[in-house]
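Secondary and tertiary structure notes
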Amino acid sequence: MLLEVSGLHAAYGATRVIHGIGFAMEEKSITALLGANGAGKTTTLRALCGMVKTEGQIRFRGERIDGRSTEDIARLGIAHVPDGRGTFLNLTAEENLRLGAYTRRDRAAVEADLERVFGYFPQLRARRAQQAGTLSGGEQQMLAVSRALMLAPKLMLLDEPSFGLAPLLVRELFAILRAINERERVGMLLVEQNAAMALDLADRAYLIETGRVVLSGTAADIKRDDAVRRAYLGY
Amino acid sequence: MTLDAVILQVLAGLATGGIYASLALALVMIYHATHLVNFAQGEMAMFTTYIAWSLINAGMPYWPAFLLTVGIAFILGMFIERIVIRPVENAPVLGVVVVFIGLLVILNSVAGWIYTYTIKSFPSPFPRQPILGIHYISAHELGAIGVTLAVLALLYGFFRFTPLGLAMRAAAQNPESSRLVGIRVGWMLALGWGLAAAVGAVAGMMVAPVVYLDPNMMSGILLYAFAAALLGGIDSPGGAVLGGFAVGVLENLLGAFVIGNELKLAVALVLIVGVLLVKPSGLFGRVYVTRV
Ligand SMILES: Nc1ncnc2c1ncn2[C@@H]1O[C@H](COP(=O)(O)OP(=O)(O)OP(=O)(O)O)[C@@H](O)[C@H]1O
Ligand SMILES: [Mg+2]
């Protein structure tokens with residue numbers, strides 16, 4: 001198993017937000033986390049990275065990671081594309097990408113990965129020397145995905161990667177995510193408002209409501225669920 | 001006011017300006033990481049200069065003592081961050097400022113206690129005679145400018161071209177994203193303090209032959225450095241360096257020709273107040289371009 005989560009609780013100070021979530025992911029699989037605004041999707045991803053106080057068990061490839069520092073978790077191979085992109089605004093696009101590979105010592109492979117990332121997102125190559133804060137919203141979104149990719153992760157946590165992208169670009173991004181998943185053999189935990197596209201991409205999906213899993217299954221099953229269809233797919 | 005006299009003052013100003021520039025840079029480095037001005041920066045420099053004095057007095061040749069002092073200062077700076085600053089990391093601003101001032105007082109009195117308040121002379125590694133037949137500027141002043149520029153170039157190269165330097169910049173700007181790519185942000189802050197202390201030590205050792213060694217030697221200099229950092233823009237390393245040289249030259253010219261030496265320190269105060277009133281971001285302060 002790539003990721004096993006059980007009895008996960010998380011709180012901001014005294015405010016409890018996640019109440020005992022559990023799920024599991026196979027290696028190289030794509031799992032979608034769906035839910036309304038404020039359901040706790042972002043908090044769940046933050047909990048996995050040790051960015052909020054948690055209780056419960058988190059295992060990454062069999063190893064307990066709950067209670068470990070965010071830095072250590074990243075070094076194990078979990079790359080988080082955070083809510084709001086997390087761009088290093090005052091550094092150049094290329095510096096942002098190189099920071100993604102900060103913990104890696106395989107220099108030649110890093111250079112090759114940089115080229116590969118530019119292959120996925122050719123726009124970024126042209127803008128590699130530009131201050132990242134001046135990139136367009138969409139470009140910053142691509143930069144965030146690319147920065148995560150530079151970590152050579154085993155698991156990517158993607159928090160609304162399509163946020164702020166034009167519909168055509170969303171389609172393109174999802175195609176690229178699929179390609180990355182297939183070629184780089186990296187598992188993805190995907191949080192998306194765009195439920196239809198997320199369910200097309202994912203193998204499994206979990207529906208979260210006020211900090212609890214209320215529905216889980218294969219993406220195909222979830223897509224056929226009437227309640228989901230009405231609330232999240234809008235048809 | 002002859003041209004010769006002006007050139008003389010400008011060159012002397014560049015020499016002290018280099019000292020201000022170094023210390024201003026140390027202030028900016030800590031400001032970058034903590035958004036606070038380290039009032040104890042001058043006393044840290046003073047204290048490490050005493051360490052150099054002890055080493056030299058114990059018979060160590062100048063340059064080995066210089067390098068060893070820089071190393072000790074680096075470790076001392078890291079140590080201070082870990083032991084004194086870390087626990088108040090999330091304290092309100094005023095609390096941290098009090099800690100800085102406490103550090104200042106403690107370093108000052110410990111230095112006075114160990115070394116007494118008697119003024120001591122501090123050697124210069126450069127010859128007494130003017131070198132290269134240049135009579136406008138003493139060998140020490142010229143040497144101090146050279147050492148300052150070398151330190152600045154080293155720092156620039158480090159921050160600009162090494163992965164560690166990049167990680168330190170990243171950690172200062174965006175700690176959360178830095179952790180997500182595996183950067184140990186806490187250690188980057190400690191490293192920043194170490195580097196700032198090392199730069200301060202160089203400034204202390206370069207200025208001590210001129211102002212002599214005593215526990216209060218840095219108080220005026222820190223004020224100039226503060227003025228320099230503000231003038232250049234407290235968040236701009238390059239601005240701090242230029243500000244340092246500008247303040248040094250301005251101080252010397254005004255002191256020699258306009259207001260007299262006694263009132264020189266007032267130049268720093270006027271500059272500080274002036275910059276805060278007219279252009280709080282300084283001449284080179286960054287205007288952050290962001291898009292959402
Ligand atoms: N820093 C915080 N302090 C206190 N409460 C918070 C904080 N961040 C989020 N919350 C609360 O936690 C709950 C879950 O928030 P979370 O950001 O995880 O939701 P989400 O599912 O990602 O929503 P969205 O789809 O809008 O991004 C919300 O009720 C929110 O108000
Ligand atoms: Mg969210």
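Check the entry above for the structure.
Here we summarise the structure given alongside this text.

The rules we used
- Residues numbered from 1 in each chain as written.
- Chains lettered and ligands numbered in written order.
- Predicted model: local features only at pLDDT ≥ 70, side-chain atom pairs only at ≥ 80, totals over all residues.
- Heavy atoms only, no water.
- Contact = heavy atoms within 4.5 Å.
- Salt bridge = Lys/Arg side-chain N within 4 Å of Asp/Glu carboxyl O.
- Polar contact = N/O pair within 3.5 Å; in protein donor to acceptor, adjacent residues only side chain to side chain.
- Helix = DSSP H or I, 4+ residues; strand = E, 2+ residues; numbered from the N terminus.
- Nonpolar A, V, L, I, M, F, W, Y, C, P; charged D, E, K, R; others polar.
- Pairing = 2+ DSSP bridges.
- Axes fitted to C-alpha atoms, helices over the stretch in contact; angles between N-to-C directions.
- Phe/Tyr/Trp six-rings, centres within 6.5 Å; stacked < 30°, edge-to-face > 60°.
- Buried < 20%, exposed > 50% of the residue type's maximum accessible area, 1.4 Å probe, protein only.
- Lys NZ or Arg CZ within 6 Å of the ring centre and 35° of its normal.

Our focus in this paragraph is the interface of chain B and chain A. Counting residues at the interface gives 26 residues for chain B, matched by 31 residues for chain A. Across the chain B-chain A interface, the total number found is five salt bridges. Along the contact surface separating chain B from chain A lie five residue pairs in polar contact (both at pLDDT 80 or more). Going through the elements one at a time, α6 (163-173), α7 (175-180) and α8 (185-211) of chain B are the ones with two or more residues in the side of chain B that touches chain A. At seven residues, α6 of chain B tops the list of elements feeding residues into the side of chain B that touches chain A. Partitioning the side of chain B that touches chain A into residue classes produces 13 nonpolar, six polar and seven charged.

All names here are of chain A. With respect to topology, six strands assemble into an open sheet ordered β6-β7-β8-β3-β9-β10, the strand pairing being mixed. Among the strands making up the open sheet, the edge pair consists of β6 (78-81) and β10 (212-218). If you compare each strand with its neighbour and ignore which way they point, the axes differ by 15° on average. Bridge count for strand β3 (residues 30-35) against strand β9 (residues 204-209) is five bridges, and the pairing is parallel. Following the sheet pairing, Leu34 is matched in β9 by Leu207.

The next subject is the packing of aromatic side chains. For any pair of aromatic rings, geometry is given as the distance between the ring centres together with the angle between the planes. In total, this model carries 11 aromatic pairs over all chains according to the counting rule given. Ring geometry for Phe23 of chain A against Tyr206 of chain A: centres 5.4 Å apart, planes inclined by 50°, an arrangement best described as tilted. Taken together, the residues span a long stretch of sequence, with Phe23 of chain A in strand β2 (residues 15-25) and Tyr206 of chain A in strand β9 at a distance of 183 residues. In terms of burial, Phe23 of chain A and Tyr206 of chain A fall into one category: buried. Lying across the ring of Trp187 of chain B, Arg82 of chain B places its NZ or CZ 3.8 Å from the centre. In this structure, Lys120 of chain B packs its charged tip against the face of Trp53 of chain B, placed 5.1 Å from the ring centre.

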